[in-house]
Amino acid sequence: LPAGVAETLQQNINYVWIVITAAMVFFMQAGFVMLEIGACRAKNTINIVMKSFLDFCICAIVFLFVGFAVMFGTSWKGFLGTDGFWLSSFPADHGVWAFWFFQLGFAGVSCTILSGAVAERTKFLGYLIYCALFTALIYPVIGHWAWGSFGGAFGVGGEKGWLEALGFVDYAGSSVVHACGGACSLAGILAVGPRVGRFGKDGTPRLIAGHNIPLVALGVLLLWFGWFGFNAGSSLSGSGIIGRLVVNTTISPSAAGIAAMAAMWFIQGKADVNIAMNGALGGAVAITACCGNVTPGAAVIIGLFGGIITTVATIGLERMQIDDAVGAVPVHLACGWWGTLCVALFDEKGFSIERLGVQALGTLCISVYAFVVCSIIFALIKVIVRTRATEEEQINGLDFSEHSANAYPDFQTTEQA
Amino acid sequence: LPAGVAETLQQNINYVWIVITAAMVFFMQAGFVMLEIGACRAKNTINIVMKSFLDFCICAIVFLFVGFAVMFGTSWKGFLGTDGFWLSSFPADHGVWAFWFFQLGFAGVSCTILSGAVAERTKFLGYLIYCALFTALIYPVIGHWAWGSFGGAFGVGGEKGWLEALGFVDYAGSSVVHACGGACSLAGILAVGPRVGRFGKDGTPRLIAGHNIPLVALGVLLLWFGWFGFNAGSSLSGSGIIGRLVVNTTISPSAAGIAAMAAMWFIQGKADVNIAMNGALGGAVAITACCGNVTPGAAVIIGLFGGIITTVATIGLERMQIDDAVGAVPVHLACGWWGTLCVALFDEKGFSIERLGVQALGTLCISVYAFVVCSIIFALIKVIVRTRATEEEQINGLDFSEHSANAYPDFQTTEQA
Amino acid sequence: LPAGVAETLQQNINYVWIVITAAMVFFMQAGFVMLEIGACRAKNTINIVMKSFLDFCICAIVFLFVGFAVMFGTSWKGFLGTDGFWLSSFPADHGVWAFWFFQLGFAGVSCTILSGAVAERTKFLGYLIYCALFTALIYPVIGHWAWGSFGGAFGVGGEKGWLEALGFVDYAGSSVVHACGGACSLAGILAVGPRVGRFGKDGTPRLIAGHNIPLVALGVLLLWFGWFGFNAGSSLSGSGIIGRLVVNTTISPSAAGIAAMAAMWFIQGKADVNIAMNGALGGAVAITACCGNVTPGAAVIIGLFGGIITTVATIGLERMQIDDAVGAVPVHLACGWWGTLCVALFDEKGFSIERLGVQALGTLCISVYAFVVCSIIFALIKVIVRTRATEEEQINGLDFSEHSANAYPDFQTTEQA
């Protein structure tokens with residue numbers, strides 16, 4: 001038995017593990033689109049499908065030609081990768097391919113988060129331009145800061161990003177993926193404004209109910225399923241560590257779903273389906289950064305707070321007349337911050353205030369960078385093509401105004417607004 | 001190459017195998033909720049989503065703190081596990097985590113079976129209490145009897161339960177998971193009574209048709225997909241044995257789907273979609289106990305009978321005015337019994353009457369225990385909160401009466417009853 | 001450490017890999033049924049569910065008793081396998097089981113392709129007979145020609161089929177699975193004729209819109225998810241090669257989706273959802289044959305053309321008054337041809353005209369054989385039972401006329417025709 005055999009076998013185990021978990025992360029695309037369809041009105045369904053489907057296609061091509069290199073190429077002072085554009089020079093059995101596929105899944109998730117936040121009033125073409133620029137300019141830059149060296153084990157780059165060098169830890173991306181997407185969502189919402197009819201002239205919020213709750217449920221369960229790949233796959237190796245990662249990814253969302261439902265039941269006097277679902281997602285976002293260094297007992301607490309944070313942030317945003325169609329900001333931004341801090345707060349090896357500072361600095365820098373660059377992108381897009389659908393387009397529905405089609409031609413539908 | 005390297009590599013293969021198949025088992029939750037939504041009326045959709053989602057959340061937390069220890073802890077005379085509450089003392093790379101995650105999936109499946117049986121007339125809060133008690137008092141006790149020693153290979157417990165010690169074999173849980181959930185379903189149905197309008201005053205059954213057949217189809221295919229993880233994952237090791245497990249898990253449901261459709265076509269003169277689907281699930285339940293010790297030729301026969309048993313039991317329950325909203329009792333209880341007996345009837349190593357006796361004893365004890373304890377639990381819940389929705393609540397739909405919401409606000413719906 | 005340990009470990013990695021990717025291929029059944037439901041009218045939903053569900057059940061049983069042996073048994077002059085009927089003689093840990101399960105998934109995909117093409121006007125019983133004969137007489141014969149030796153590594157057969165012997169390469173089945181299913185689809189469409197109302201008396205096409213676009217989106221994403229298993233699983237080994245297979249399976253559909261949407265946007269002036277989705281599937285079909293020997297740069301080009309071919313073929317078929325209800329012929333036949341040629345056109349080791357000739361010959365022979373035998377089968381079925389539903393049956397919908405049921409009894413539906 002030659003010396004390298006055991007290494008090759010372990011590598012093969014890792015390839016299988018990475019590729020399958022990456023496919024699960026890809027599958028989260030189906031979760032996002034089902035959730036967003038269900039949470040919006042029937043008249044915008046095709047538009048949501050088109051956005052969510054094409055954003056992944058565009059993200060994949062841009063990540064191939066630009067994003068991956070910026071994220072994992074040879075580092076320029078810890079801020080940017082500078083080589084590895086277009087994978088074609090690597091041989092067919094090189095480790096970089098599986099790594100690329102896994103990382104694309106993450107980029108795709110981060111990219112699509114904004115889609116739901118600005119749903120039902122954003123122009124299709126403008127959104128597609130956003131996706132291309134997000135994948136080239138926002139996500140991979142942030143990714144380089146926190147995960148720049150991760151390609152080293154797969155034969156690309158290998159130097160640490162500046163946040164990584166400070167000791168910042170974000171195991172599977174509470175900040176890199178979720179707070180980033182959530183901060184962009186907030187910027188996008190502020191750029192396009194609320195949906196027609198969402199707030200009265202005096203600011204009173206009016207409920208715009210999701211039109212297909214089974215699809216919301218399906219979407220959330222698809223996302224949770226994919227999240228096991230998302231968090232446990234981030235080990236990038238098939239070994240004993242993956243067990244606790246999935247346990248924590250079970251416990252925190254479960255606690256969060258219960259907490260969010262209970263909190264809203266207490267506040268509103270009924271068990272609300274949307275907050276229970278979003279609460280669980282908030283718990284999943286929260287455990288994403290820290291699933292590798294906390295116990296399941298801590299995961300219960302992280303989840304309980306994640307659920308409550310989701311609930312409070314949802315209510316708070318509505319009071320501020322910020323119209324987040326699916327609750328992307330509470331789930332991905334607020335719980336992304338929380339999860340990033342939990343890395344320091346609940347580390348099984350003990351708490352240190354310096355570490356908490358680094359975590360806070362990291363998630364702050366990531367959120368600010370994403371928010372600012374996304375705001376600039378939306379301002380630029382507005383110059384080229386419109387970003388906001390007109391009142392008439394919104395009332396007719398984007399399916400009619402953008403795609404001349406009807407998602408449910410055999411059903412009699414009633415207009416909510 | 002040190003001596004333990006091969007063992008470590010095989011363990012790593014096993015971890016990957018267990019975690020991925022466990023995620024597939026988790027995904028069966030989506031199958032159950034889609035199936036139940038589709039098979040019930042539109043006006044109870046949100047209630048079904050809430051039940052099916054929260055039951056898993058509660059099950060996960062209770063299994064963490066209580067259920068797992070009762071099932072796999074150090075045995076008290078083969079009846080109960082007694083230690084291992086709360087996993088937090090195990091190190092991060094310990095084998096117990098993957099094992100816990102896999103076992104939780106099974107507990108979650110068994111827990112959610114009752115949901116569909118008592119759908120459309122059961123109070124939300126009462127159902128949640130049932131789920132907590134099921135996961136603490138019913139499932140893990142039964143599980144200890146039949147599978148108590150299975151944790152030994154993962155460093156917890158290891159002594160045999162009393163059924164296991166008698167030679168009882170239930171490879172992946174025809175009895176432990178399915179007959180258990182099915183017996184609880186029967187107890188629950190008898191406790192809450194039939195839906196308003198299901199039977200006329202003279203006992204004539206009236207069809208309450210499922211409102212969304214695509215979701216039924218999606219649910220059944222999700223369940224079948226998950227079942228490959230359920231049965232083949234029960235090997236708990238990635239090795240040559242897993243191939244035949246999935247082949248049998250393909251053949252038996254296929255034969256059962258054909259048989260159930262043909263039987264109902266013969267009886268009713270039409271090819272009925274619900275019985276074809278439920279028949280296939282019955283075939284899956286039947287092969288669950290015996291997928292490890294029968295040939296695919298036997299799987300054809302096991303499936304054919306499974307399909308026919310499902311059909312006959314469905315007709316029989318209706319005649320007895322037992323209102324099982326999704327057919328949980330025919331699928332999980334009747335085919336659970338059948339599959340458990342098939343372990344002895346179709347063993348490729350030959351038939352023995354003693355073995356058949358042990359199998360019959362095991363499935364009987366499991367079913368009786370589950371039925372009795374579940375009946376007590378429902379009686380207790382009735383004292384604290386209601387279990388049955390009033391006639392008015394049922395007519396308005398549980399979405400309105402329990403959650404003040406509408407699952408399909410953009411669609412014009414018609415009331416079946 | 002004994003000599004065979006490393007081999008056993010690698011084999012176990014392969015078993016895990018094959019079984020999981022095969023389960024993903026099985027899951028494509030859910031993708032096909034969701035896509036077909038969504039792309040057709042509400043009144044034919046149950047019929048579609050029944051067809052798509054039972055075709056897999058029948059395919060599994062026929063593949064067990066006949067198809068697998070014809071495809072992978074000891075070869076008769078490279079044209080047919082001749083032994084290995086019914087697997088029951090193999091021991092439980094034999095490699096053949098995992099291989100069978102993987103191959104069944106492919107047979108099931110190829111079998112179900114016709115379902116969508118002839119939807120909304122084909123009799124249920126006739127379709128089921130087709131499925132049995134397809135799995136016995138069409139698919140395994142073609143499969144033997146191109147892949148006959150593949151069972152050798154798993155202890156069955158091992159001699160090359162005649163196309164294989166010529167050097168024909170079809171990595172995961174652009175021809176064997178997709179062009180085969182697509183050619184059968186074309187034969188079926190010509191046999192049953194267009195749907196009532198699809199073309200006016202003067203031949204003017206009339207749009208029959210799909211009734212549930214969310215299910216189309218779900219179906220396409222399920223198919224794409226499964227395709228990672230389909231293409232990368234075709235390695236039949238868990239090793240370094242699988243990374244590039246999934247990268248190519250990401251890039252080509254992404255490029256194709258963008259190209260098809262852009263092409264139709266240019267032609268029709270709107271971003272059409274159906275063509276974007278079908279374009280992506282066309283890109284997936286195209287990369288299927290060549291994912292193992294092209295770079296991702298080539299995959300971009302293969303995908304772009306795949307998307308455009310899908311668009312042009314869709315428009316062309318409509319002009320020829322060929323009524324393909326879901327676009328199976330453009331996606332599976334046209335892009336199947338394209339992908340098979342791409343093996344020679346874009347081989348990273350360079351182009352050779354001889355090789356292109358072999359590829360063209362192979363896909364032509366496969367398509368002609370499938371088309372001719374399928375035409376004969378449909379002619380025979382027409383003698384025994386009807387194949388085409390009457391005008392009245394079509395207007396009432398097949399759910400009513402074939403199954404006396406309604407897929408959406410709680411919704412108010414409007415008839416498109």
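Structure shown above.
Predicted model only: the values in this text are computed from it and were never measured.

## A short note on the interface of chain A and chain B
Tallying the contact residues gives 61 residues for chain A and 59 residues for chain B. Summing both sides of the interface, chain A and chain B together bury roughly 4,900 Å²; the carbon and sulfur share of this comes to 82%. Looking only at chain A, the three residues that lose the most surface to chain B are Pro 214, Leu 221 and Phe 225 of chain A, adding up to 11% of its buried area. Put simply, chain A and chain B have 0 salt bridges between them.

## Quick word on the relation of the copies chain A and chain B
Look at the two chain copies: a rotation about an axis and a shift along it is all it takes to match them. Take chain A, turn it by 120°, move it 0.0 Å along the axis, and it overlays chain B with an RMSD of 0.0 Å. The superposition of one copy onto the other is thereby described by a three-fold rotation axis. Scanning chain A for the C-alpha nearest the rotation axis identifies Gln 412 of chain A, at a separation of 3.3 Å. A low fraction, 18%, of the interface residues of chain A reappear at the interface in chain B, so the copies pair through non-equivalent surfaces.

## Focus: the packing of aromatic side chains
Applying the stated rule across the entire model yields 105 aromatic pairs over all chains. Taking the centre distance of 4.0 Å and the plane angle of 15° together, the rings of Phe 106 of chain B and Phe 230 of chain B count as stacked. On the criterion of sequence distance, the pair formed by Phe 106 of chain B in helix H3 (residues 96-117) and Phe 230 of chain B in helix H7 (residues 213-233) is long-range, its members being 124 residues apart. Under the relative-accessibility criterion, Phe 106 of chain B is labelled buried at 1%. Considering the side-chain rings of Trp 145 of chain B and Tyr 369 of chain B, the 5.1 Å spacing of their centres and the 65° angle between planes classify their relative orientation as edge-to-face. Of this pair, Trp 145 of chain B sits in helix H4 (residues 124-147) while Tyr 369 of chain B sits in helix H12 (residues 353-384); the two residues are 224 residues apart in sequence, bridging distant segments of the chain. Relative accessible area serves as the criterion here: at 7%, Trp 145 of chain B is assigned to the buried category. Site record: aromatic cluster; members linked through ring pairs are Phe 26, Phe 53, Phe 56 and Phe 101 of chain A together with Trp 224 and Phe 228 of chain C. We note Lys 51 of chain A situated over the ring of Tyr 127 of chain A; from NZ or CZ to the ring centre the distance is 5.3 Å.

Parameters and conventions
Residues numbered from 1 in each chain as written. Chains lettered and ligands numbered in written order. Predicted model: local features only at pLDDT ≥ 70, side-chain atom pairs only at ≥ 80, totals over all residues. Heavy atoms only, no water. Contact = heavy atoms within 4.5 Å. Buried area = accessible area lost by both parts, 1.4 Å probe. Salt bridge = Lys/Arg side-chain N within 4 Å of Asp/Glu carboxyl O. Least-squares fit on C-alpha atoms with pLDDT ≥ 70 in both. Phe/Tyr/Trp six-rings, centres within 6.5 Å; stacked < 30°, edge-to-face > 60°. Helix = DSSP H or I, 4+ residues; strand = E, 2+ residues; numbered from the N terminus. Buried < 20%, exposed > 50% of the residue type's maximum accessible area, 1.4 Å probe, protein only. Lys NZ or Arg CZ within 6 Å of the ring centre and 35° of its normal.

Function-wise, these values are silent; they only describe arrangement.
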